[in-house]
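Spelled out, the chains give:
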Amino acid sequence: MAATTSFSTVQLPFPSNGPSSSLSPQRPRLSLQFPPARIRSFKSLKSLRLRQNGDAFRSRRFAGSGKSSSSFVVRCDSSGGRITQQDFTEMAWQAIVSSPEVAKENKHQIIETEHLMKALLEQKNGLARRIFSKDGVDNTRLLEATDKFIQRQPKVISESSGSILGRDIESLIQRARDYKKEYGDSFVSVEHLVLAFAQDQRFGKQLFKDFQIS
C-alpha cells in the first residue's frame, strides 16, 4: 500500500516497493566511466558556500515564502525517514516543491531528478546557476540539455501527472542530506543538491560528464 506525501495541497503517493519499471524511461548509455576523482573535485564547491558572505537564502531560510511549513511534509516508507521544509534552505526547498509542477507541465507521472534540475536552473539568480557559471558552464545550454532529456520521457494523459515521487530523486535528496552532515551544516542547501547530482545514475551523472562539470 502506497504511502502519501504532500507538497502544499498536492497529494503525492510514494511507491513503497522500488521504482515503477513499466514507467522507467530508457537511460542514456554511458560511453565512459565517471571517474571518482571528478566527484571528489566537487569539494571545491565549499569555496562557493557564501556562508561567510551572509548569503540571503542561507540566513533567511523561509522569509517571504508565504507558505506554512506544516503543509510541506514528505514521508518515505522505503527509507523510514521524512523530508520537511525545516531541513532545507529556502531556495533548496522551493526547487523541491517546484519539481512536481515541472513534471505536471510535461505530463510525467513520476517526479524525477531531471525535474529538480530544471527547477533549480529556472530559479532567477539562483545559487545553482552561479555554481555552474563558476565552473564555466553555460546555463542556457545546460537547461536546453535538461529539457531535451525531459522531452524524451514517457508522457501520461491523465490528471495523475506529477503525482509520484521517483526513487532516483528520493535517493538524490538523501545524498544531499548526507553532504549536509559531512560538511557540518545545519540545513540542506542548493549546493548539497548540486553535489548529489554528480552521483545520480538516472540523469545528473551523464549531464555532468557531457558538460565536463567539475
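Presented here is an overview of the structure given in this document. (Residues numbered from 1 in each chain as written. Predicted model: local features only at pLDDT ≥ 70, side-chain atom pairs only at ≥ 80, totals over all residues. Heavy atoms only, no water.)

Right, let's talk about the packing of helix α4 (residues 113-121) against helix α8 (residues 190-197) for a bit. In helix packing, the relevant descriptors are the interaxial angle and the interaxial distance, both defined with respect to the helix axes. The N-to-C vectors of α4 and α8 enclose an angle of 140 degrees; their axes lie 12 Å apart at closest approach. Judged by the inter-axis angle, α4 sits oblique to α8. Both α4 and α8 take part in a crossing whose hand is left-handed. Here T113, L116, M117 and L120 of α4 come into contact with α8, specifically with V190, L193 and F197. Here the residues of the contact of α4 with α8 are counted per class, giving six nonpolar, one polar and no charged. (Axes fitted to C-alpha atoms, helices over the stretch in contact; angles between N-to-C directions. Helix = DSSP H or I, 4+ residues; strand = E, 2+ residues; numbered from the N terminus. Parallel < 35°, antiparallel > 145°, perpendicular 65-115°, else oblique. Left-handed = near helix turned anticlockwise from the far one by under 90°. Contact = heavy atoms within 4.5 Å. Nonpolar A, V, L, I, M, F, W, Y, C, P; charged D, E, K, R; others polar.)

With that out of the way, let us pick up the nonpolar core. The biggest cluster of nonpolar side chains holds 42 residues, and the ones touching the most others in it are L116, F132 and F208. Going through the elements one at a time, α3 (90-105), α4, α5 (127-134), α6 (139-151), α7 (167-182), α8 and α9 (204-210) are the ones with two or more residues in this core. Looking at which element gives the most residues to this core, the answer is α3, with eight residues. Excluding residues that lie within four positions of it along the chain, F132 makes contacts with M117, L121, V137, N139, L142, V194, F208 and I213. (Core = buried A, V, L, I, M, F, W, Y, C linked by side-chain atoms within 4.5 Å. Buried < 20%, exposed > 50% of the residue type's maximum accessible area, 1.4 Å probe, protein only.)

With the rule as written, the count across this model stands at four aromatic pairs. Between F132 and F208, the aromatic rings sit 5.9 Å apart at their centres with planes inclined by 80 degrees, giving edge-to-face as the arrangement. Here F132 is found in helix α5, whereas its partner F208 is found in helix α9, with 76 residues between them in sequence. Overall, F132 belongs to the buried group, its relative accessible area being 1%. Relative to Y183, the ring of Y179 lies with its centre 6.0 Å away and its plane at 20 degrees, an arrangement referred to as stacked. Using a relative accessible area of 9% as the deciding quantity, one classes Y179 as buried. For Y183, a relative accessible area of 12% gives the class buried. (Phe/Tyr/Trp six-rings, centres within 6.5 Å; stacked < 30°, edge-to-face > 60°.)

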